[in-house]
Amino acid sequence: YIRRMQRPSPALSTAQVLLFGAAIVTLSMGIRHGFGLWLQPITQAREWSRETFSFALAIQNISWGLAGIFAGMLADRFGAMRVIMAGGLAYALGLIGMAYAVTPLQFTLSAGTLIGVAQAGTTYAVVYGVIGRNVPAARRSWAMGIAAAAGSFGQFLMVPLEGLLISHFGWQAALALLGLGALLMVPLARGLREPGFAGA
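The present account deals with the structure reproduced in this document. (Residues numbered from 1 in each chain as written. Predicted model: local features only at pLDDT ≥ 70, side-chain atom pairs only at ≥ 80, totals over all residues. Heavy atoms only, no water.)

Inspection of the secondary structure puts Arg 82 in helix H5 (residues 80-100). On the accessibility criterion, Arg 82 (40% relative accessible area) is partly exposed. With 67 residues separating them in the primary sequence, Arg 82 and Ala 15 have C-alpha atoms 20 Å apart. (Helix = DSSP H or I, 4+ residues; strand = E, 2+ residues; numbered from the N terminus. Buried < 20%, exposed > 50% of the residue type's maximum accessible area, 1.4 Å probe, protein only.)

Following this line, the structure appears as structure tokens:
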């Protein structure tokens, strides 16, 4: 409580929070929405069953839910910028791990655990916290609705793009390129740098 009282007043404008927050959620959720496109090429190339792929995504959802609690707590303690940066790096590593995993365990650890944790640090648990701290109460619900809509917009933006990447470069190179795209969340996170946190 004392730490919160000592922090300066919010310095991020509503427009800044929405611009950078929506961009991050669009990327994070958009990439996730396209994972189904990799089911057939990965299982055929690795000679795995559909259940292997589905199990990894189930672990991803569980990891996302569990890690979301801690991601929100860390963002409140150290600032959203640091959490999103770490999440963006984890997302990139997870996607590259998906591309080069040669065993079901490696695939589950990358596509499941690592990307699930990355999603916790780059989606609503963290972005909503920034909105709550910086957007006036009268506009807070509206701003959260905009952030939620960005996640849906990501599906329409990223899924066709992921399909094009697979068709032009093959599934492995497409995942590696998507990993590079996930790294865009790292510089975008600087747009959500808040005063009053360590290192901010």
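What follows continues from the structure just given.
A full pass over the atoms with the stated rule returns three aromatic pairs. Both rings, one in Phe 53 and one in Phe 107, keep their centres 5.5 Å apart while their planes meet at 35 degrees; by these two values the pair is tilted. Here the residue Phe 53 occupies a position in helix H4 (residues 50-78), and Phe 107 occupies one in helix H6 (residues 104-122), the gap between them amounting to 54 residues. The class for Phe 107 is buried, based on a relative accessible area of 0%. The ring of Phe 78 carries Arg 77 above its face, with NZ or CZ at 5.0 Å from the centroid. (Phe/Tyr/Trp six-rings, centres within 6.5 Å; stacked < 30°, edge-to-face > 60°. Lys NZ or Arg CZ within 6 Å of the ring centre and 35° of its normal.)

A word on the pattern of salt bridges. Per the counting criterion, the structure on display carries two salt bridges. The partner of Asp 76 in a salt bridge is Arg 133, with the nearest N and O atoms 2.6 Å apart. With Asp 76 in helix H4 and Arg 133 in helix H7 (residues 124-134), this pair connects stretches of sequence that are 57 residues apart. Owing to a relative accessible area of 22%, Arg 133 belongs among the partly exposed residues under this scheme. Linking Glu 194 and Arg 133 is a salt bridge whose minimum nitrogen-to-oxygen distance equals 2.9 Å. Of the two residues, Glu 194 sits in the segment after helix H10 (185-189) while Arg 133 sits in helix H7, which places them 61 residues apart along the sequence. Assessed through its relative accessible area of 5%, Glu 194 is described here as buried. (Salt bridge = Lys/Arg side-chain N within 4 Å of Asp/Glu carboxyl O.)

Two elements in contact, helix H2 (residues 14-33) and H7, have axes whose closest approach is 10 Å; the angle formed by their N-to-C orientations is 170 degrees. Overall, the two elements H2 and H7 adopt an arrangement that is roughly antiparallel. For the pair H2 and H7, the contacting residues are Val 17, Gly 21, Val 25 and Met 29 in the first and Tyr 124, Val 127, Val 130, Ile 131 and Asn 134 in the second. Looking at the contact of H2 with H7 residue by residue, the class counts come to seven nonpolar, two polar and no charged. (Axes fitted to C-alpha atoms, helices over the stretch in contact; angles between N-to-C directions. Parallel < 35°, antiparallel > 145°, perpendicular 65-115°, else oblique. Contact = heavy atoms within 4.5 Å. Nonpolar A, V, L, I, M, F, W, Y, C, P; charged D, E, K, R; others polar.)

Within the secondary structure, Ala 149 is located in helix H8 (residues 137-169). Looking at Ala 149, the relative accessible area reads 44%, which means it is partly exposed. Between the C-alpha atoms of Ala 149 and Ile 131, which are 18 residues apart in sequence, the distance is 14 Å.

Working note: a packed helix pair is described by the angle between its axes plus the distance between those axes. Between H2 and H5, whose axes approach to 12 Å, the crossing angle comes to 25 degrees. Viewed along their axes, H2 and H5 adopt a mutual orientation that is roughly parallel. When the axes of H2 and H5 are compared, the crossing they make is left-handed. Contacts from Ile 24, Ser 28, Ile 31 and Arg 32 in H2 reach Ile 84, Tyr 91 and Leu 95 in H5. (Left-handed = near helix turned anticlockwise from the far one by under 90°.)

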